[in-house]
Amino acid sequence: MVTTSSARTGRKPRVAAQRKPRPETAATDETSSSEQLPQEPPSRPNIFKRIVAGVEGRGKASSGSAYYMILGATLALTAIGLIMVLSASSVEAIAEGTDTFGLFVKQSIFAVIGIVLMLVLSRTGKKFYTAVAWPGLLGAWVLLALVQIIGNKVNGNKNWIDVGPITFQPSEPTKLVLALWCATVLTRKAGLVRRPMHALIPVFPLGGLAIILVLMGGDLGTAMILMLILVAAVFFAGAPIKIFATAGIVGAVASIALVILSPNRTGRIQSWLRLNCDLASDPCLQATNGFKAMASGGWWGVGIFQSRQKWNWIPEAHNDFIFTIIGEEFGLIGTTLVVALFALLAIAGIRVTLRHTDSFVRILGGSILVWLIGQAFVNIAVVTGVLPVVGVPLPFISYGGSALTFSLAAVGVLLSFARKIPESEPTAA
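Residues numbered from 1 in each chain as written. Predicted model: local features only at pLDDT ≥ 70, side-chain atom pairs only at ≥ 80, totals over all residues. Heavy atoms only, no water.

A residue-level look at the chain finds 78% of positions with pLDDT of 70 or above and a mean pLDDT of 79. Here residues 1-62 is modelled with pLDDT under 50, and outside its nearest four sequence neighbours on either side it reaches 40 contacts, counting other chains as well. The model gives residues 423-429 a pLDDT under 50, and that stretch makes twelve contacts with residues more than four places away or in other chains. (pLDDT = per-residue confidence, 0-100. Contact = heavy atoms within 4.5 Å.)

Encoded structure:
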């Protein structure tokens, strides 16, 4: 009989203990998976980190849907604009004895030109945009200077140049050119943008020259939008936050000075505060009758072409105050639809912009979105009494061939970013 040593000694046999898996394994897996994530570009603002983390891993399908969201919202806003220009301008045309469909036909022609330009730009890319940035800025300076020499003055602002039968507003293409130029310059500076001097120079001196030329024509509203584009470009480039606090203080002081030095702007502020409404000034008439128009629209509106306030009660009803006519004819439902379309454009544009790691795309796309959505916000805030009258049109909807054409061109740039995600960017399976 064979016995084991444990049996002879009377000891119990030892049972091999089961080893628990090392926790280092999970940590190693997490480390290896995190190493595969795309590195964050230095120009990305920190407040967008969580948003970017949720957007960048959705694959190419989200880019395709964003493309059609941007295109659909833009075309819908343009169609609404054409209908409302016809509705708001026809009455004044009848009163003046001019062609009832005159402004509508002109706006339609510019809409077609703008859509063609939008589709052409949607097929271009970064190389083209950087190539035209500096020549475009130089051309904008020349055109804005020509306005001060041979331009026409309308409603206190000198912003237009007559080219045969066409009236051209150089400040509108300047918005797109300024966004292109800022993105080109700030991308080349790369990590230097974290230094205040590199963030401000040459963006604010050279870009500020265009703003000064616009202010010389008396258009504070357009100058505010141009300044907004500059600030947005520097922000998306990753400049330190303290720059914006200082710029905000300087901008506020400059705005107050410009208002005080201009009797026209002072009157608009007083009308906004209801200090001189008994004088029946134009800004006061616009605001008061605009409120009446939107209030009389109710939930569903009085019906298309049935507005009563557009019968010369609201000056420039087809232009800056066209949102009030939408409120009267289509009610709260109509105004909510317009706001929802702008929100859809903003959401889709943000999705496309954040899916790119290229700082040029981020800066340019962000600046265009701030321009279009910010201008829409200012216009709607003016007609609802939140802000004083500053003469800023509603993008895609207000009458103005130059504004419509180059707003559609700016959307074409967004579409070019939405068409294709660069091959260097990872996509989810």
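Our next topic: the side chain of Gln107. Counting through the fold element by element, Gln107 comes out in helix α5 (residues 102-121). In contact with Gln107, other than residues within four places in its own chain, are Leu82, Val85, Ser398, Tyr399, Gly400, Gly401 and Leu404. (Helix = DSSP H or I, 4+ residues; strand = E, 2+ residues; numbered from the N terminus.)

With 25 residues, helix α15 (residues 359-383) should cover 36 Å at 1.5 Å per step; its first-to-last C-alpha distance of 36 Å lies within 8% of that length. Most of α15 sits out of view: 22 of its 25 residues are buried. Between a side-chain oxygen at the N-terminus of α15 and the backbone nitrogen of Phe360 the separation is 3.0 Å; the capping residue is Asp358. Gly385 sits one or two positions beyond α15 and adopts a positive phi of about 85 degrees. (Expected span 1.5 Å × (residues − 1). Buried < 20%, exposed > 50% of the residue type's maximum accessible area, 1.4 Å probe, protein only. Polar contact = N/O pair within 3.5 Å; in protein donor to acceptor, adjacent residues only side chain to side chain.)

Our focus in this paragraph is the pattern of salt bridges. Evaluated as defined, the whole model comprises three salt bridges. A salt bridge links Lys175 to Glu172, with the nearest nitrogen and oxygen atoms 3.2 Å apart. In this pair, Lys175 and Glu172 are both assigned in helix α7 (residues 171-189), three residues apart and thus about one turn of the helix distant. In this structure, Lys175 and Glu172 share a single accessibility class: buried. (Salt bridge = Lys/Arg side-chain N within 4 Å of Asp/Glu carboxyl O.)

What follows deals with the packing of α7 against helix α9 (residues 203-216). Contact geometry of α7 with α9 gives a least axis separation of 11 Å together with a crossing angle of 175 degrees. The orientation of α7 with respect to α9, classified from their angle, is roughly antiparallel. Contacts from Ser171, Thr174, Leu178, Trp181, Cys182, Val185 and Leu186 of α7 reach α9 at Val203, Leu206, Gly207, Ala210 and Val214. Among the residues making up the contact of α7 with α9, the classes are represented as nine nonpolar, three polar and no charged. (Axes fitted to C-alpha atoms, helices over the stretch in contact; angles between N-to-C directions. Parallel < 35°, antiparallel > 145°, perpendicular 65-115°, else oblique. Nonpolar A, V, L, I, M, F, W, Y, C, P; charged D, E, K, R; others polar.)

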